[in-house]
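So the chains spell out like this:
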Amino acid sequence: MKHERKSTWRPNLFDLVIVALGAAVMAVIVLVMRPAAANISETVPMEYTVELQNMPEGAWELVNTGDMLYDNIRNQAMGTVVAVDHAPYTRPIANASATHVYQSPVPNAENVILTLRTNMTVTDSSLVSEGGYIVRVGGAVAGKGPCYAGTGFVIGITREGE
Amino acid sequence: MKKNFRLNWVDLLILVLMVGLVAGTYMKFRVSKTTNVVEPQTPITYQVQITNIRKTTVDALREGDALFDDDSGRNIGTIRSIEATPALTLAVDTEGVYHMTETDDRYDVILTVETKEGSISGNTYTVARIYTLNIGSFRDFHTKYSTWQGRIWGIER
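Quick caveat, the model's predicted, so the values are computed rather than measured. (Residues numbered from 1 in each chain as written. Chains lettered and ligands numbered in written order. Predicted model: local features only at pLDDT ≥ 70, side-chain atom pairs only at ≥ 80, totals over all residues.)

Undergrad: Explanation requested: the overall build of chain B in the structure shown.
TA: Of regular secondary structure, chain B possesses two helices and eight strands. Ordered by position from the N terminus, the helices and strands of chain B form the series α-β-α-β-β-β-β-β-β-β. By residue count, 22% of the 157 residues in chain B fall in the buried class. When contacts within chain B are restricted to residue pairs at least 6 apart in sequence, those whose partners lie at least 24 apart make up 62%. (Helix = DSSP H or I, 4+ residues; strand = E, 2+ residues; numbered from the N terminus. Buried ≥ 20, exposed ≤ 12 C-beta atoms within 10 Å, placed from the backbone. Contact = placed C-beta atoms within 7 Å.)

Laid out in structure tokens, this is it:
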């Protein structure tokens, strides 16, 4: 005699309740954990200025407009060089009677000042370059170009609309 | 007709756990928020001191800029006034005596910051629900346009 195997599983009330509760829990988790709507207002072309400090004298001549500067730590594109300048690299030093602290130029060293242009993502609290670099005056910079690299700070940002 | 439904203890346990999970999630994310909304929010005005910064950083500060705590990213107020003076730094003379000495091209700044999202409990001043103002503490701050380390310098009571 041939025995037919029948499925023994039949949905019961508790199975349905558990499935419904599981779906409800998933829905709640999705609703609660979903990321807040990004507070991005716009992407605009902007210029900002960085200063690479204590560079070898004459290093600024290696910089060409059109160079792409990258963050040397995260390899994020910081922007394209649109202007190059240089200034003495100075260190603070007090006079003998300690009545005044001067910024004294350091021999054989200079600061390289680069103006960069990038499409900036603008939010309420930050400006972020196309490559993901957060731009704020006073923020540390570790920048590298095609044949030069240096550390320093962001020293200026042209505000939107100015 | 024979009823084939029977309650067993495993079903019951799972049901209790699921109800508990839903209730817990609801309490955590909905009820507690509702409670926070009705918390009294007290305006607080406080000062932040920044020392020995360059003119470029001073110029990047503007009245009306929102101020953020670097660690949490929270908005902790709006800059109401900026008072910049020539920086005083510690220097030692040839006799080994320390002086607070005016320094070229560097500035000390006092920012007055105002927030409407404060709360005061006894002698504890809290901003943006979690940010406690401790006079003398150094913190990293930023605005949209600048970043620096500052020190909570005073609270207007």
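Undergrad: I keep staring at the pairing of strand β6 (residues 140-144) of chain A and nothing clicks. Help me out?
TA: Every other side chain in a regular strand lies on the same face of the sheet, so the side chains alternate between the two faces. Residue and element names in this part refer to chain A. Side chains of β6 alternate between two faces, with V141 and G143 buried and A140, A142 and K144 left unburied. Bridge analysis of strand β2 (residues 68-71) against β6 gives two bridges, and the strand direction is antiparallel. Each residue of the ladder has a partner; that of Y70, found in β6, is K144. Note that β6 and strand β7 (residues 149-157) share five bridges and pair antiparallel. Residue pairing in the sheet places A140 in a bridge with F153 of β7. Between the end of β6 and the start of β7, which pair antiparallel, lie four residues. (Pairing = 2+ DSSP bridges.)

Undergrad: How do you make sense of the nonpolar core when you look at a structure like this?
TA: Grouped burial of nonpolar side chains is what soluble globular proteins tend to show. Ranked by internal contacts, the top residues of the largest apolar core, which has 26 residues, are V50, L114, L116, V154 and I157 of chain A. Mapped by element, the contributors of at least two residues to this core are β1 (40-56), β2, β3 (77-94), β4 (101-123) and β7 of chain A. At five residues, the largest contribution of residues to this core is made by β4 of chain A. In this view, V50 of chain A contacts L114, L116, V141, G143, G152, V154 and I155 of chain A; residues no more than four positions away in its chain are not counted. Judged by nonpolar contacts, the second largest core, of 17 residues, contains I44, L67, L111 and Y131 of chain B. (Core = buried A, V, L, I, M, F, W, Y, C linked by C-beta atoms within 7 Å.)

Undergrad: Can you walk me through the confidence of the model for chain B in this structure?
TA: Parts of the prediction with low pLDDT should not have their coordinates interpreted in detail. All names here are of chain B. Across chain B, the average pLDDT comes to 88, with 88% of residues at 70 or higher. A low-confidence stretch, residues 34-38 stays under pLDDT 50, and its non-local contacts, those more than four residues away or across chains, total one contact. The ipTM, which scores confidence in the relative placement of chains, is 0.72 for this predicted complex, and the corresponding pTM is 0.73. (pLDDT = per-residue confidence, 0-100.)

Undergrad: Honestly, the interface of chain B and chain A in this entry has me stumped. Any pointers?
TA: Interfaces are frequently sized by the accessible area removed from exposure as the parts join. Taken together, the 32 residues of chain B in the interface contact 32 residues of chain A. Counting only elements with at least two residues in the side of chain B that touches chain A, the list comes to α1 (9-37), α2 (55-59), β2 (66-69), β3 (75-92), β4 (98-121) and β8 (147-156) of chain B. A total of eight residues in the side of chain B that touches chain A trace back to one element, the largest contributor, which is α1 of chain B. Considered class by class, the residues forming the side of chain B that touches chain A number 15 nonpolar, eleven polar and six charged. (Nonpolar A, V, L, I, M, F, W, Y, C, P; charged D, E, K, R; others polar.)

Undergrad: Quick question: what am I supposed to make of the environment of D67 of chain A here?
TA: All names here are of chain A. Counting through the fold element by element, D67 comes out in the loop between β1 and β2. For D67, a count of 19 C-beta atoms within 10 Å puts it in the partly exposed group. For D67 and I157, which are 90 residues apart along the polypeptide, the C-alpha to C-alpha distance reads 19 Å. Not counting the four nearest positions on each side in its chain, D67 is found in contact with V81, G145 and P146.

Undergrad: What is the right way to look at unusual backbone geometry in this model?
TA: Peptide bonds are, in most cases, trans, and in most cases residues other than glycine have a negative phi. Residue and element names in this part refer to chain B. With phi around 60 degrees, D105 is a residue other than glycine that occupies positive phi space. Relative to the elements of secondary structure, D105 occurs in strand β4. Positive phi, close to 70 degrees, is recorded for R129, a residue that is not glycine. Counting through the fold element by element, R129 comes out in the loop between β5 (124-127) and β6 (131-132). For R129, a count of 12 C-beta atoms within 10 Å corresponds to the exposed category.

Undergrad: Looking at this model, I keep getting lost on helix α1 (residues 13-33) of chain A. Mind explaining?
TA: Given 3.6 residues per turn, any residue in an α-helix points the same way as the ones three and four places further on. Its 21 residues give α1 of chain A an end-to-end C-alpha distance of 30 Å, which sits within 8% of 30 Å, the value for a rise of 1.5 Å per residue. Here α1 of chain A lies mainly on the outside; zero of its 21 residues are buried. (Expected span 1.5 Å × (residues − 1).)

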